Amino acid sequence: MPISTPDLCDAHGDEVRVVEPMFVNYGGRERFGGKIVTIKCFEDNSLVRELVTEPGQGKVLVVDAGGSMRRACLGDMLAEKAVANGWEGIVMYGCIRDVDEISALDLGVQALGTHPMKTEKKGVGERDLAVTFGGATFHPGEYLYADNNGIIIADKPLT
């Protein structure tokens, strides 16, 4: 059954948190959902590179890149690794690049925007912690659902 955030909100309105409408859908998979895995980084995608090489079946990577509009924390090579390892999608509170290539991949990708400049690799960042942006807090192990209508978060899987 395809994900529909409006239908999930109608059926589970008291159980979901809605992220403010600030994201653009760039991935080839317009609807995606799964268990949240988090990263907090700023203009350094070292942890993104590390996590997309791990098994991601049933998971969504949520990256708090500080809302940076000066560097892209995801490009086509890392997105291809995410697909190869079964990730459902990536939500990037920041920018991505290589959007034409990413749009051809079977991966959900939502981000604030695009930027052609890659990040520096300093190995700085944290993973598996609560991150807050867009008026919502994302906790590892919660569930995220996304489509062209928006992004919602729930404590448990929704049907």
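Residues numbered from 1 in each chain as written. Predicted model: local features only at pLDDT ≥ 70, side-chain atom pairs only at ≥ 80, totals over all residues. Heavy atoms only, no water.

The grouping of Arg 49, Lys 81, Lys 118 and Lys 121 at the surface amounts to a positive patch. Assignment of secondary structure puts Lys 121 in the loop between strand S6 (108-114) and strand S7 (126-127). The exposure class of Lys 121 is partly exposed, given its relative accessible area of 43%. (Patch = residues over 30% accessible without salt bridge, like charges linked within 9 Å, V, L, I, M, F, W, Y side chains within 5 Å. Areas by Shrake-Rupley, 256 points an atom, 1.4 Å probe, with all protein chains shown as cover. Salt bridge = Lys/Arg side-chain N within 4 Å of Asp/Glu carboxyl O. Lys, Arg positive; Asp, Glu negative; His and termini not counted. Charge placed at Lys NZ, Arg CZ, Asp CG, Glu CD. Helix = DSSP H or I, 4+ residues; strand = E, 2+ residues; numbered from the N terminus. Buried < 20%, exposed > 50% of the residue type's maximum accessible area, 1.4 Å probe, protein only.)

The next subject is the packing of aromatic side chains. Applying the stated criterion to the full structure yields 3 aromatic pairs. Ring centres of Phe 133 and Phe 138 lie 4.5 Å apart, and the angle between their planes is 25 degrees; on these two criteria the pair is classed as stacked. Phe 138 carries the same exposure label as Phe 133, and that label is buried. Clustering of aromatic rings is evident, with ring pairs tying together Phe 23, Tyr 93, Phe 133 and Phe 138. (Phe/Tyr/Trp six-rings, centres within 6.5 Å; stacked < 30°, edge-to-face > 60°.)

What follows is about helix H1 (residues 5-12). Among all positions of H1, only Thr 5, Leu 8 and His 12 are buried. Axial view of H1: buried residues confined to an arc of 60 degrees, hence all on one face. Among the exposed residues of H1, those oriented more than 90 degrees off its buried face are Asp 10 and Ala 11. (Arc of directions from axis to C-beta.)

When its volume is computed, the largest pocket comes out at roughly 160 Å³. The element contributing the most residues to the lining of the largest pocket is helix H3 (residues 76-84), with 3 residues. Looking at the lining of the largest pocket residue by residue, the classes come out as 5 nonpolar, 2 polar and 6 charged. (1 Å grid on protein atoms, 1.4 Å probe; cavity = no way out; pocket = protein on both sides within 12 Å on 5 of 7 lines; lining within 4 Å. Points joined across faces, edges and corners; volume = space filled by probe spheres on them. Nonpolar A, V, L, I, M, F, W, Y, C, P; charged D, E, K, R; others polar.)

The buried fraction of strand S3 (residues 32-40) amounts to 7 of the 9 residues, a majority that puts the element mostly inside the structure. As paired strands, S3 and strand S10 (residues 143-147) are joined by 4 bridges and run antiparallel to one another. Directly across from Gly 33, in S10, lies its bridge partner Tyr 145. Looking at chain direction, S3 and strand S4 (residues 59-64) are connected through 6 bridges and run parallel. Within S4, the residue paired with Val 37 across the bridge is Leu 61. On the question of chirality, the crossover connecting S3 to the parallel S4 by way of helix H2 (residues 46-51) is right-handed. Summarising the sheet, S3 and S7 pair through 2 bridges and their orientation is antiparallel. Residue pairing in the sheet places Lys 40 in a bridge with Glu 126 of S7. (Pairing = 2+ DSSP bridges. Right-handed = clockwise from strand over helix to strand, strands pointing away.)

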